[in-house]
Structure formats: structure tokens, C-alpha cells
Amino acid sequence: MLMNTFWQAFCLVVGLGALVISPFVVIKTFGKSRERAEKFMYRLMIFLLVYKIIHFTLMPTVFRQDAVKLIPVEISSVSYFLMPIAYLSGSKILKETGRFVGFFAGLVQLIAMSISPASFVNSDMTNFTFIESIIMHYCLYLGGLIWNFTIEPLRYKDLWKALAGFLVILLWGTLAAFTWRYDHELDKPENIMFIQECVLPEWLLIPGFDKNHLFIIEYLSVFFVYIAVLYRLSKLAFSRKNPEPRSAWGGGSYRRYVEERKSLPLNVYSVREHVAYYDPIIAAARDESVIAEGAAARKGIDGSKDPG
């Protein structure tokens, strides 16, 4: 009983501490240097990806677990691979989903630890799996903080990409729940991503919403509030500082990084937006009439200083 109370207190302190303190630490440490943020992010994603590759390799080989059941299907297990691959590859297709879903998975875990620590302590996880789960989810949360608030802002125009990827993951998990992850002992789909059965504490439930999947309405309400707050805060975080170009640690090939740097006429973080914004200015600067006017004006100034 004493140990149970200790671990519940541990979950509560770690969850709340990570949620409240981490954003301030990230902004203070990386908010003024995109290169520093990208360098740390690069190493964090390498660690996460390599660790999970080793983990999912050892489980079916050394520890003789069912390889099929180890296939990543939940948001967290998918994010362990998706987020690092999206960042390290620099893929425009994957990055919106990777950073959105990865941060979401880490955030939900920390919130759940804070509001319902007993559900973690009383689960079937071993002590190692328990600690590992906390560390891995915190890596996702920390990576999302750094990526979304110090490297590149989230934009509402790209939200559809994140939601499309999120929907694909939900459908993938649903497919698994009704096929290879089906619970044959209880003769029902496995509760993957908690969408088959409600796991919310009673004090968070609207009366009667624990039946007929009505709790999904609460999920969606909180989800859309989360989106609005996340995208707004991300935009505000970047509105108070000068944008910086991507560094060599920013994901993608080094060759592409060099090409991007050469194509940047000014110091901005987004090549596409930069070119779109400054094209008219560059075109005007190259216009012969503008150049001629500038030369004439300069000549007039120089001539006025001529004593002759």
C-alpha cells in the first residue's frame, strides 16, 4: 500500500512537473537560437528512433514475444517512429503529422499521469516498462515542444495534413482492433487508443456519456480545443522573434540544406514563404528603370558637391 501511494505521487509530480516546467525551459534554452534547438532535436530524434528499433527487434527475437502483436498501432507506438523519421528526413509529407501526433501522444500521457496516476500504477506493466513508458512519452512531448515552439511554427493552412495523418492512424488502429489485435478471450475488439471503451474517470464524464460511444463527443471537444490552443501558442511563440534559416541539423540531406542556403537572399526560416514574399521586391530592384533612377539620383548628389 505504501509503495502504491509512493508511485501514484511519483506519477503526479512527474506529470505535472513536465507539463508546467518544460515549456519555460525549452523557450528559455532554445527560443533565441534555432540552430541550437535543431541540434538538440536531431540528437533526441536519433536516440528515440534507434532505441525503438532495437526495442522492437529484441522483443520478438530475444524475448520471444509475438511479432505480429508488436506491430505499432497505437498513437504513441506509431509516433516513436513517425516523429523521428519525419524530422530526420525533412519530409514535407510526414512532418505535419509527425510533430502534431507525436506532441499529442506525449501531452496526453503526461495529463493522464497527472489526473489519474492510479491507472498507471495499477496497470499490468512491469517496473521497467512503467519507467520506459514515461521516458519515451516525455521524449515525444519534449520533441514536440522544441519543434513547434522554437524551430518551425504550426500553421492553420497545414492543419489538414496533420488531421489527415491523424485519421489514417486512427483507422489503422481500428483495423488492428478488429483483426490481429482482436481480444478473442473476451470476444470483443481490443481497446486500442481507448476508442472502443471509455477510460475517462467518472468525475470527467458527462452523466450518461459512458455508453454507446457518446464519450467520443468529449474526446472531440477536448481535441478541437487542443488544436486551437496549440496552433495559437505556436504562432505567438514565433511572432516575438526574428526568423532564422534552417541549420544543417534541421533535418533532410546536407546537400539540400546547402542548396536552400544558397537560394536565400535574406535571413528567413522558410524558403517558399521567403521567395513568395520578396519576389516583388527583388524584381523591382532588378528593374532597369529603378536602377537608372537610383543612378541618376546618386549622380545628382555627387554633382551638387562638385565645386566646379
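Residues numbered from 1 in each chain as written. Predicted model: local features only at pLDDT ≥ 70, side-chain atom pairs only at ≥ 80, totals over all residues. Heavy atoms only, no water.

*Asks:* How would you summarise the overall build of the chain if you had to cite specific residues and measurements?
*Replies:* Regarding its fold elements, the chain presents 11 helices and 0 strands. Taken from N to C terminus, the helices and strands of the chain fall in the order α-α-α-α-α-α-α-α-α-α-α. Relative to its full complement of 308 residues, the chain shows a buried share of 37%. A separation of at least 24 residues holds for 71% of the contacts in the chain among residues at least 6 apart in sequence. Accessible surface, the chain as shown: approximately 18400 Å² in total, 66% of it carbon and sulfur. (Helix = DSSP H or I, 4+ residues; strand = E, 2+ residues; numbered from the N terminus. Buried < 20%, exposed > 50% of the residue type's maximum accessible area, 1.4 Å probe, protein only. Contact = heavy atoms within 4.5 Å. Areas by Shrake-Rupley, 256 points an atom, 1.4 Å probe, with all protein chains shown as cover.)

*Asks:* Kindly report on helix α2 (residues 34–61), identifying the contributing residues and their values.
*Replies:* Along its 28 residues, α2 runs 40 Å from first to last C-alpha, staying within 8% of the 40 Å computed at 1.5 Å per residue. Inspection of α2 places R34, A37, E38, M41, L44, M45, L48, L49, K52, H55 and M59 among the buried residues, and these make up the whole buried set. (Expected span 1.5 Å × (residues − 1).)

*Asks:* I'd love a proper account of unusual backbone geometry, names of residues and values included.
*Replies:* The phi angle at R64 is positive, at roughly 55°, despite the residue not being glycine. Given the relative accessible area of 70%, R64 is considered exposed. Residues other than glycine seldom take positive phi values, yet F194 does so here, at roughly 60°. Considering the arrangement of structural elements, one finds F194 in the loop between α7 (159–178) and α8 (215–239).

*Asks:* Please set out the environment of P84 residue by residue, giving values where relevant.
*Replies:* Mapping P84 onto the fold places it in helix α3 (residues 75–89). By relative accessible area, which is 0% here, P84 ends up buried. Separated by 43 residues in the primary sequence, P84 and M41 have C-alpha atoms spaced 9.2 Å apart. The contacts of P84, once residues within four sequence positions are left out, are M45, L48, L49 and S79.

*Asks:* Which residues make up the pattern of salt bridges, and what values go with them?
*Replies:* A complete count under the given rule lists 8 salt bridges for this structure. E96 is paired through a salt bridge with R99; the nearest N and O atoms lie 3.4 Å apart. Of this pair, E96 and R99 both sit in helix α4 (residues 92–115), 3 residues apart, which is roughly one turn of the helix. The exposure class of E96 is buried, given its relative accessible area of 2%. Between R181 and E190 there is a salt bridge, with the nearest N and O atoms lying 2.8 Å from each other. The buried category is assigned to R181, whose relative accessible area is 12%. (Salt bridge = Lys/Arg side-chain N within 4 Å of Asp/Glu carboxyl O.)

*Asks:* Which residues make up the confidence of the model for the chain, and what values go with them?
*Replies:* As a general rule, the predicted coordinates of low-pLDDT regions are not to be interpreted in detail. Across the chain, pLDDT averages 84, with 83% of residues at or above 70. Looking over the chain, one finds the lowest element-wise mean pLDDT in helix α10 (residues 271–286), namely 48, and the highest in α3, namely 96. The model gives residues 267–279 a pLDDT under 50, and that stretch makes 26 contacts with residues more than four places away or in other chains. (pLDDT = per-residue confidence, 0-100.)

*Asks:* Pulling in residues and values, what's your account of the nonpolar core?
*Replies:* Counting 58 residues, the largest nonpolar core has F100 and Y226 as its most contacted members. The set of elements that each furnish at least two residues to this core consists of α1 (2–30), α2, α3, α4, α5 (117–121), α6 (127–151), α7 and α8. Looking at this core element by element, the count peaks at 12 residues for α6. When sequence neighbours within four positions are dropped, the list of residues in contact with Y226 reads F100, F103, F104 and L107. (Core = buried A, V, L, I, M, F, W, Y, C linked by side-chain atoms within 4.5 Å.)

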